[in-house]
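Single-letter residue listing:
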Amino acid sequence: HVHLGRRFLTTSMGTVAGSINEETPKYTVVAKKDHFEIRKYGTRVAVEIAADRKADGSSFRALAQYIGVFGSPANMKKQKIAMTAPVVTETDLKNSGKMQFILPEKIKMQDAPIPANQNIKLVELPPSTLAVVTFSGMADETDVAQRLAKLKAALSEEKITFDSSRWMLYRYNPPWTLPMARTNEIAVPIVQKPTPK
């Protein structure tokens, strides 16, 4: 079944309690396992910047400025863009990473305003299949590392081939959301076997 981007009308009190008000990317659940699910996502457009997981506040601020969270949008069209969820942090084997905001579905690559900040780039994310585990809490480094290791072990046990060179952390809530009410996800790309000819 297809999961549509969620939108909720709620107060800021709702975001403290974990309500997700922003548009979220659509996906289809391909398989549900005990500890994770396999999802298919379509093409998405994102803005991204280099980020360090240990100090990603400045990366978040730069992306937030692009969409106009703090006033005049830092893009060439001065176009205000709605905040979406989740905030994506992608990490590779060298522990270098990038942070992404997925733009609203209605914004296509050719329409997306060019960032004023040269450290930010627009990227088109191709359709992808991901193994995803959902959890609450602060998503600190130790917790995330343990959950990532468990997810990879579960995928290996299921004999599902995955890309071990990178993974993504999805954070759906603002910093003031109570830890137990937060929605976080870890996503690992699944390697698609070529279709026999």
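About the thresholds
- Residues numbered from 1 in each chain as written.
- Predicted model: local features only at pLDDT ≥ 70, side-chain atom pairs only at ≥ 80, totals over all residues.
- Heavy atoms only, no water.
- Buried < 20%, exposed > 50% of the residue type's maximum accessible area, 1.4 Å probe, protein only.
- Helix = DSSP H or I, 4+ residues; strand = E, 2+ residues; numbered from the N terminus.
- Contact = heavy atoms within 4.5 Å.
- Expected span 1.5 Å × (residues − 1).
- Arc of directions from axis to C-beta.
- Polar contact = N/O pair within 3.5 Å; in protein donor to acceptor, adjacent residues only side chain to side chain.
- pLDDT = per-residue confidence, 0-100.
- Core = buried A, V, L, I, M, F, W, Y, C linked by side-chain atoms within 4.5 Å.
- Phe/Tyr/Trp six-rings, centres within 6.5 Å; stacked < 30°, edge-to-face > 60°.
- Lys NZ or Arg CZ within 6 Å of the ring centre and 35° of its normal.

A. Quick look at helix H2 (residues 57–67). Within H2, burial applies to Ser59, Ala62, Leu63, Ala64, Tyr66 and Ile67. In this structure, the buried residues of H2 make contact with strand S4 (44–51), strand S6 (97–102) and strand S7 (121–125). Looking one or two residues past H2, Gly68 carries a phi angle of roughly 95 degrees, positive in sign.

B. Examining helix H3 (residues 141–157) more closely. In this model H3 runs 24 Å from its N-terminal to its C-terminal C-alpha over 17 residues, within 8% of the 24 Å that 1.5 Å per residue would give. All of the buried residues in H3 are Asp143, Val144, Leu148, Leu151, Ala154 and Leu155. In a view along the axis of H3, the buried residues occupy a sector of 125 degrees, so they form one face of it. In H3, the exposed positions that point more than 90 degrees away from the buried face belong to Thr142, Lys150 and Glu157. Each element contacted by the buried residues of H3 is listed here: strand S8 (128–135), strand S9 (166–171) and strand S10 (184–189). In this structure Asp140 caps H3, since a side-chain oxygen of it lies 3.1 Å from the backbone nitrogen of Thr142.

C. Highlighting the confidence of the model for the chain. Model confidence for the chain is summarised by a mean pLDDT of 89, while 87% of its residues fall at 70 or above. Note on residues 4–13: pLDDT is under 50 here. Beyond four places in sequence and across chains, it has 17 contacts.

D. Molecular detail of the nonpolar core. Ranked by internal contacts, the top residues of the largest apolar core, which has 18 residues, are Val47, Leu63, Tyr66, Phe101, Leu103, Ala112 and Ile120. Only S4, H2 and S6 provide two or more residues apiece to this core. Per element, the largest residue contribution to this core is five residues, and it comes from H2. Contacts of Phe101, omitting those with residues within four sequence positions, involve Val45, Ala46, Val47, Phe60, Leu63, Ala64, Ile67, Met83 and Val87. Among the nonpolar cores identified, the runner-up in size contains 17 residues, and Ile38, Phe135, Leu151 and Trp167 belong to it.

E. The side chain of Ser59, seen in detail. Here Ser59 is to be found in helix H2. Relative accessible area serves as the criterion here: at 5%, Ser59 is assigned to the buried category. Polar contacts involving the side chain of Ser59 include one to the main-chain carbonyl oxygen of Ala50, which spans 3.0 Å.

F. Molecular detail of the packing of aromatic side chains. What the rule picks out here adds up to two aromatic pairs. A ring pair is formed by Tyr27 and Tyr41, whose centres lie 5.3 Å apart and whose planes are at 45 degrees; its orientation type is tilted. With Tyr27 in strand S2 (residues 27–32) and Tyr41 in strand S3 (residues 37–41), the pair connects residues that are 14 residues apart, well separated along the chain. A relative accessible area of 13% means that Tyr27 is categorised as buried. The exposure class of Tyr41 is buried, given its relative accessible area of 6%. Geometrically, the ring pair formed by Phe60 and Phe101 is edge-to-face, given 5.4 Å between the ring centres and 65 degrees between the ring planes. With a gap of 41 residues between them, Phe60 in helix H2 and Phe101 in strand S6 connect regions that are remote in the sequence. Over the ring of Tyr27 we find Arg39; its NZ or CZ atom is 4.1 Å from the centre of that ring.

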